[in-house]
Amino acid sequence: MLTGQRPTSRPDSGFIDWNMNGAASPITQDPTLEASGANFTLAVDTSQFGRTFEDRSYMFHIRPRPSGVTGSNRIFNLNVRGKRGNIVQTYPATEYDFMPDVFEGRVGDYIHFQWTGCDTNPAGNAGEGTDGTDRSNMVQVMNLESSVPATAEWLKSNTPLFDTPELRLHFAMIGQTGCLTMEELLAKNNNNAGAVEQDKQNCMKLNAGTPYFDGGLIRMNSTGTFYYMNTRNNNFSNRGQKGSIAIVPLLPSWALALVLVGAGAFVLAGGVAGLM
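Residues numbered from 1 in each chain as written. Predicted model: local features only at pLDDT ≥ 70, side-chain atom pairs only at ≥ 80, totals over all residues. Heavy atoms only, no water.

**Student:** Is there a simple way to explain the overall build of the chain in this structure?
**Tutor:** A tally of regular secondary structure across the chain gives six helices and twelve strands. For the chain, the residues scored as buried account for 30% of the 276 residues in total. Within the chain, residue pairs in contact and separated by at least 24 positions form 67% of the contacts whose partners lie at least 6 positions apart. Total accessible area on the chain is roughly 17200 Å²; 60% of this is exposed by carbon and sulfur atoms. (Helix = DSSP H or I, 4+ residues; strand = E, 2+ residues; numbered from the N terminus. Buried < 20%, exposed > 50% of the residue type's maximum accessible area, 1.4 Å probe, protein only. Contact = heavy atoms within 4.5 Å. Areas by Shrake-Rupley, 256 points an atom, 1.4 Å probe, with all protein chains shown as cover.)

**Student:** Which parts of the structure should I look at to understand the pairing of strand β3 (residues 38–41)?
**Tutor:** One face of the sheet, then the other: side chains in a regular strand alternate in exactly this way. Bridge count for strand β2 (residues 32–35) against β3 is four bridges, and the pairing is antiparallel. Pairing of Ala35 across the sheet is with Ala38, part of β3. (Pairing = 2+ DSSP bridges.)

**Student:** Help me out: how do you make sense of the side chain of Gln114 in this one?
**Tutor:** Within the element layout of this structure, Gln114 appears in strand β8 (residues 110–115). Under the relative-accessibility criterion, Gln114 is labelled buried at 2%. A polar contact of 3.4 Å, which involves the side chain of Gln114, links it to the side chain of His112. Among the polar contacts listed, one links the side chain of Gln114 to the side chain of Tyr212, at a separation of 2.5 Å. (Polar contact = N/O pair within 3.5 Å; in protein donor to acceptor, adjacent residues only side chain to side chain.)

**Student:** It is not clear to me how the pairing of strand β7 (residues 102–106) should be interpreted in this structure. Could you clarify?
**Tutor:** Only one face of β7 is covered, namely the one carrying Phe103 and Gly105; the face carrying Val102, Glu104 and Arg106 has none of its residues buried. Relative to strand β12 (residues 242–248), β7 is paired through five bridges, and the arrangement is parallel. When the sheet's bridge partners are listed, Arg106 is paired in β12 with Val248.

**Student:** Would you mind showing me how to read the environment of Val141 here?
**Tutor:** Mapped onto the fold, Val141 is located in strand β9 (residues 139–141). C-alpha separation for the pair Val141 and Tyr227, spaced 86 residues apart in sequence, amounts to 5.5 Å. Apart from the residues within four sequence positions on either side, Val141 is in contact with Ser146, Val148, Pro149, Ala150, Trp154, Tyr227, Tyr228 and Met229.

**Student:** How should I be thinking about a nonpolar patch on the surface in this particular structure?
**Tutor:** Judged by side-chain polarity, Leu33, Phe40 and Leu42 come together as a nonpolar surface patch covering roughly 280 Å² of accessible area. Relative to the elements of secondary structure, Leu42 occurs in the loop between β3 and β4 (59–62). (Patch = residues over 30% accessible without salt bridge, like charges linked within 9 Å, V, L, I, M, F, W, Y side chains within 5 Å. Salt bridge = Lys/Arg side-chain N within 4 Å of Asp/Glu carboxyl O.)

**Student:** Quick question: what am I supposed to make of the pattern of salt bridges here?
**Tutor:** Where charged atoms from two side chains of opposite charge come close, those side chains can pair. For the coordinates displayed, the defined rule picks out nine salt bridges. For Lys188, the salt bridge identified is with Asp199, shortest N-O distance 3.1 Å. Separated by eleven residues along the polypeptide, Lys188 in helix α4 (residues 182–188) and Asp199 in the loop between α5 (193–198) and β10 (213–219) bring together distant segments of the chain. With relative accessibility at 45%, the residue Lys188 sits in the partly exposed group.

Structure, rendered in structure tokens:
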């Protein structure tokens, strides 16, 4: 299982060049090197070489397996990639998407559902909910053509992705608290729809959630193909955020048949041997 966060430490300030290491420095100013029988001078400015113009370094943590999850159990990570904005505003990154958005696994596999975002996206980037924020949830839909959550009635006659109503609510609401109803939000914001959209207590837009959501390890107990979406970011346009999870039996039907045939042959052989 992985969790990610930006490192909070920064290197000491001050001017750094080859003098910091003296003769032991692995780099020198404009070094001349031999290659293929010829000399070449490289463009290396030691006063600039160590600078970081854009810090994209991250840390991740590998946690121990929880009790009950053995070393033979397979664990997969399911995350969200992308950032707030349309295709132009997010370039060279991408718009929101689940990763992987098409997952195939077996009964008994575990999926660690977790994702992160930030509260400091560029001002004005297109998106839903409080400006500058990323938020994602997961609700089951009937199929990839559907853009509304599956109803409780539909789930009664179909296999749900998450086994219990409590777990389904957890993934839909991503642990939000302090939520207000639409009536309360309108009264609080003088019927200003734009202010309601931005209100931090508008849990219908996931505004009360935190950038990081950890859904935990979920064991896949049922076979089938399950479809899901993010209610906040699936904008009924090119900015869709949906995914599918296909779970097959531990043994495919042909392998199960082979095991049964082998077991039958073993029993028959034993019976024949007993008659001899």
